[in-house]
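# A structural walkthrough
So you can see what is in the structure, the chains are spelled out below.
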Amino acid sequence: MELIAGENVSKVYRSGEVSVNALKGVTFSIEKGAFVSIVGPSGSGKTTLLNLIGCLDKPSGGRLLVAGTDVASLGRADSAVFRGSHIGFIFQSFNLIPVLTAYENVEYPLIMVQNVAAAQRREQVQDLLEAVGMSDQQQKRPDQLSGGQKQRVAIARALVTRPELVLADEPTANLDHDTAMGIIRPMKSIREESRTTFVFSTHDLRIIDEAERIYRIEDGRLEGSRAQEGGRGHDESVADRWQEPPPV
Amino acid sequence: MMNLWRIAGRNLLRYKRRTLLTLSLIVFGVLFVAVFEAVTGSFKGMMIGQITDSFLGHLQIHRKGYLAAIETLPLTMNLKPQAVRKVEAMLKERPEIEAWSPRIKFGGMFSNFLETTHIRINGVDPEWESRTVPLFLSRIMEGEKTLKKGEILVPELLAKGMKVKVGDAVVVIATNRDGSVNGKQLVVGGILESATGPGGRDGYLHMDDAIEILRMEEREISEIAVRLKDFGLLHKVHEHLSAQLGEESNPQGQPVFDVDTWEELSPFYNIASMIDIMTLFIKLMLIAIVLISIMNVMIMAVYERVREIGTMSAIGTLPRKILAMFVLEGFSMGVAGAAVGSVLSAAAIYVIDLARISFDFSRQTGLILRPDIDLASLLTISGIVVAVSILASLQPALKASRMDPIEALGHV
């Protein structure tokens, strides 16, 4: 069952007289519960595609459906509501709110976005902090946590609203190998339990190797995709595994 | 909502020194305005009290046109007994009125048998007069604090110039309304302290003596001074009396009476109005202080937290909640500043009151400053501060709530 379906999606940024085609007619689909990586060099359009899927931006052309909703049809407030109820975000720089503790950061979307009752809120927050191994650090503020710990809190925050989709933009870029693996594994196990769809933009081979499907973007075009049984070693040449993109 | 408060509060504590500096500006502004209002209010109240309680009364009733000609104290424009009875009947009916005092005002010559000079005189019933202007008898600097028949209370400057003392015999000569001159020998019963404003340097004698000097066949009254139980009802009573007495007209269909408040009778009203304007300007300064300081802090706060705003927006926080969060920060600063400022103001006003600072005004010396501020005034000042705080944080808050999440997340 498709959660995301993009048909000939394009995005043009205009700055004065200059136009930049960030996405040039991308067609793709992502199944519900998938663990997907979008890879490509810097400036290839990974983040643009993620922003469109995350309803943070609207496509300039084509059609993009997320959970059955046409992204282009959403107004500003509707987009916020949609994001709050369907999508979780994980950022490269963690983006925790510095004045709140780890617990409060995870709790934030349940109060400010979903208005969940206090008892249920406590249960959901505690469950997720436990799942990411941060129960014992929950009263610390972000400046008292390491990079890996901050990202675990960010993962818990992204998942606490029980979204159908989690979007992660370079989630391991600022982390060392061990810490990065310590982030990917809980995400994968959570995915297996909850059937949440994970979409990463990355050029981190550690994530690429954990993905079940990989989309490769270059110069705003989808250059190929491939499915893999998760857990392959990244010593194998990634380029060998690409398939041609589906016909538009 | 509680969570918005919590986040707003913590954000304010993020840069404690900056928040404290802004708060101290607001506190200083509130303190300055409240103390200024208390001190000037005390000065104004005291001066109004001095003027109305010494000689003017709260209201005065004259025959129409009398005030325009008051410099000549025309006896032809006095109120006839029938008109006076009408006024007195109306005054008796009004529960807001404490007392009234009919006066016969006239100009005459004052002689100590060696020299003669001009004098303005009020013929009054001492009991009615002291009920209407309670400081009347306390103005007697020398002599008994009373006014008997056959006595005159001489204003101090005149007494000094004419070298008369209490107990001296003097003569008052006046022209009556028919143009004939009459005089009466009187004894100086007291020397009267000058008071600020017109009529503050008039002499006083008993009404019966005035009637005798002016050879009046019936009591004709120049003015009726009125005292209210509650000075705060001045304009309401003035309106009622004006409406009631305005219905009275002469055979030519013209109104008979004029009702005037002290404001229309004393030039001090202009000073009092100026004090009010100064207070208004001080309040405008407070508004400017609060507006600039809170706006500055909130603009900084939004600028520093662009990525944070982007994150909040991305994870689904509605724009109105982002707006509310920033407005609450400004509002909290305003409330805290107003509360601390109000408490400090009350303390400062109490200390100034204890210090019993004295000052002189015109010829009145040793007036004690008694600053006082009521709860309503403090609440008004606090209300202004809080309202301006909200206003000042609105623009930065709107900017935050309208931020594009992608641009905000990409902000460095």
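About the thresholds
Residues numbered from 1 in each chain as written. Chains lettered and ligands numbered in written order. Predicted model: local features only at pLDDT ≥ 70, side-chain atom pairs only at ≥ 80, totals over all residues. Helix = DSSP H or I, 4+ residues; strand = E, 2+ residues; numbered from the N terminus. Rg over C-alpha atoms; globule rule 2.2 N^0.38 Å. Buried ≥ 20, exposed ≤ 12 C-beta atoms within 10 Å, placed from the backbone. Pairing = 2+ DSSP bridges. Expected span 1.5 Å × (residues − 1). Arc of directions from axis to C-beta. Contact = placed C-beta atoms within 7 Å. Nonpolar A, V, L, I, M, F, W, Y, C, P; charged D, E, K, R; others polar. Axes fitted to C-alpha atoms, helices over the stretch in contact; angles between N-to-C directions. pLDDT = per-residue confidence, 0-100. Core = buried A, V, L, I, M, F, W, Y, C linked by C-beta atoms within 7 Å. Parallel < 35°, antiparallel > 145°, perpendicular 65-115°, else oblique. Left-handed = near helix turned anticlockwise from the far one by under 90°.

### Quick notes on the overall build of chain A
Assigned secondary structure in chain A consists of seven helices and 10 strands. Its C-alpha atoms give chain A a radius of gyration of 18 Å, within 12% of the compact-globule value 18 Å for 248 residues. The C-alpha extent of chain A, read off along each of the three principal axes, is 50 × 45 × 40 Å. Taken over 248 residues, chain A has a buried fraction of 47%.

### Some points on the sheet that holds strand E2 (residues 18-31) of chain A
Residue and element names in this part refer to chain A. Ordered in space as E2-E1-E4-E5, the four strands form an open sheet in which the pairing is antiparallel. Two strands bound the open sheet, and with one partner strand each, they are E2 and strand E5 (69-70). Direction of pairing for strand E1 (residues 2-15) relative to strand E4 (residues 61-66): antiparallel, over a ladder of five bridges. If you follow alanine 5 over to E4, its bridge partner there is leucine 65.

### Some details on helix H6 (residues 177-194) of chain A
Helical geometry note: an α-helix holds 3.6 residues per turn, so side chains three or four residues apart project in the same direction. All names here are of chain A. For H6, spanning 18 residues, the distance from its first C-alpha to its last is 26 Å, which sits close to the expected 26 Å at 1.5 Å a residue. Taken together, the buried positions of H6 are Ala180, Ile183, Ile184, Met187 and Ile190. Around the axis of H6, the buried residues are gathered within 130 degrees of arc, so they sit on the same side. For H6, exposure combined with an orientation more than 90 degrees from the buried face picks out His177, Asp178, Arg185, Ser189, Glu192 and Glu193. Packing partners of the buried residues in H6 comprise helix H4 (118-131), helix H5 (147-159), strand E8 (197-202) and helix H7 (205-210). Positive phi shows up at arginine 195, right after H6, with a value of about 60 degrees.

### Comments concerning the environment of Ala400(B)
For Ala400(B), the location among the structural elements is in helix H12 (residues 375-401). Not counting residues up to four positions away in its chain, the partners in contact with Ala400(B) are Val302(B), Ile309(B), Ile322(B) and Phe326(B).

### Details of the interface of chain A and chain B
If you look at the interface, chain A gives 17 residues, while chain B gives 18 residues. Looking at the side of chain A that touches chain B, the elements that each hand over two or more residues are helix H2 (76-86) and helix H3 (102-113) of chain A. In terms of residue count, the dominant contributor to the side of chain A that touches chain B is H2(A) (six residues). Within the side of chain A that touches chain B, the residues separate by chemical class into 11 nonpolar, three polar and three charged.

### Examining the sheet that holds strand E9 (residues 213-218) of chain A
All names here are of chain A. An order of E6-E7-E8-E3-E9-E10 is seen for the six strands of this open sheet, with the pairing classed as mixed. A strand with exactly one partner marks an edge of an open sheet, and here the two such strands are strand E6 (87-90) and strand E10 (221-227). If you compare each strand with its neighbour and ignore which way they point, the axes differ by 20 degrees on average. Pairing analysis gives four bridges linking E6 to strand E7 (residues 165-169), with the strands arranged parallel. Counted as the bridge partner of isoleucine 87 is leucine 165 from E7. Its contacts with the sheet place H5 against E6 and E7, and it is angled at close to 170 degrees to E6.

### Remarks on the environment of Gly383(B)
Relative to the elements of secondary structure, Gly383(B) occurs in helix H12. When the C-alpha atoms of Gly383(B) and Gly334(B) are compared, they prove to be 9.2 Å apart, with 49 residues separating the residues in sequence.

### Considering the confidence of the model for chain A
Summarising the model, chain A shows a mean pLDDT of 86, and 92% of its residues fall at 70 or more. Below a pLDDT of 50 lies the segment residues 231-243 of chain A, which in the model reaches 18 contacts outside its immediate sequence neighbourhood of four places, other chains included.

### Remarks on the nonpolar core
Counting 118 residues, the largest nonpolar core has Ala156(A), Val199(A), Val30(B) and Ala34(B) as the members making the most contacts within it. A per-element tally of this core places helix H2 (residues 16-56) of chain B first, with 11 residues. Judged by nonpolar contacts, the second largest core, of 53 residues, contains Leu59(B), Leu73(B), Ala83(B) and Tyr204(B).

### Considering the pairing of strand E1 (residues 59-63) of chain B
Residues and elements named next belong to chain B. Taken across its five residues, E1 has five buried, putting it largely inside the fold. Across five bridges, the pairing between E1 and strand E10 (residues 257-261) is antiparallel. Its bridge partner being in E10, arginine 63 is matched across the sheet by phenylalanine 257. Judged from the four bridges that link them, E1 and strand E9 (residues 223-228) form a sheet pairing that is antiparallel. Bridge assignment links histidine 62 to a residue of E9, and that residue is glutamate 223.

### Some thoughts on the packing of H3(A) against H4(A)
Each pair of packed helices can be described by the angle between their axes along with the distance between the axes. Residue and element names in this part refer to chain A. It is the contact of H3 with H4, at a shortest axis distance of 10 Å, that shows an interaxial angle of 130 degrees. Classified by the interaxial angle, the pair formed by H3 and H4 is oblique. The handedness of the crossing between H3 and H4 comes out as right-handed. Seen from H3, the contacting residues are Tyr103, Val106, Glu107 and Leu110; seen from H4, they are Arg121, Gln124, Val125, Leu128 and Leu129.

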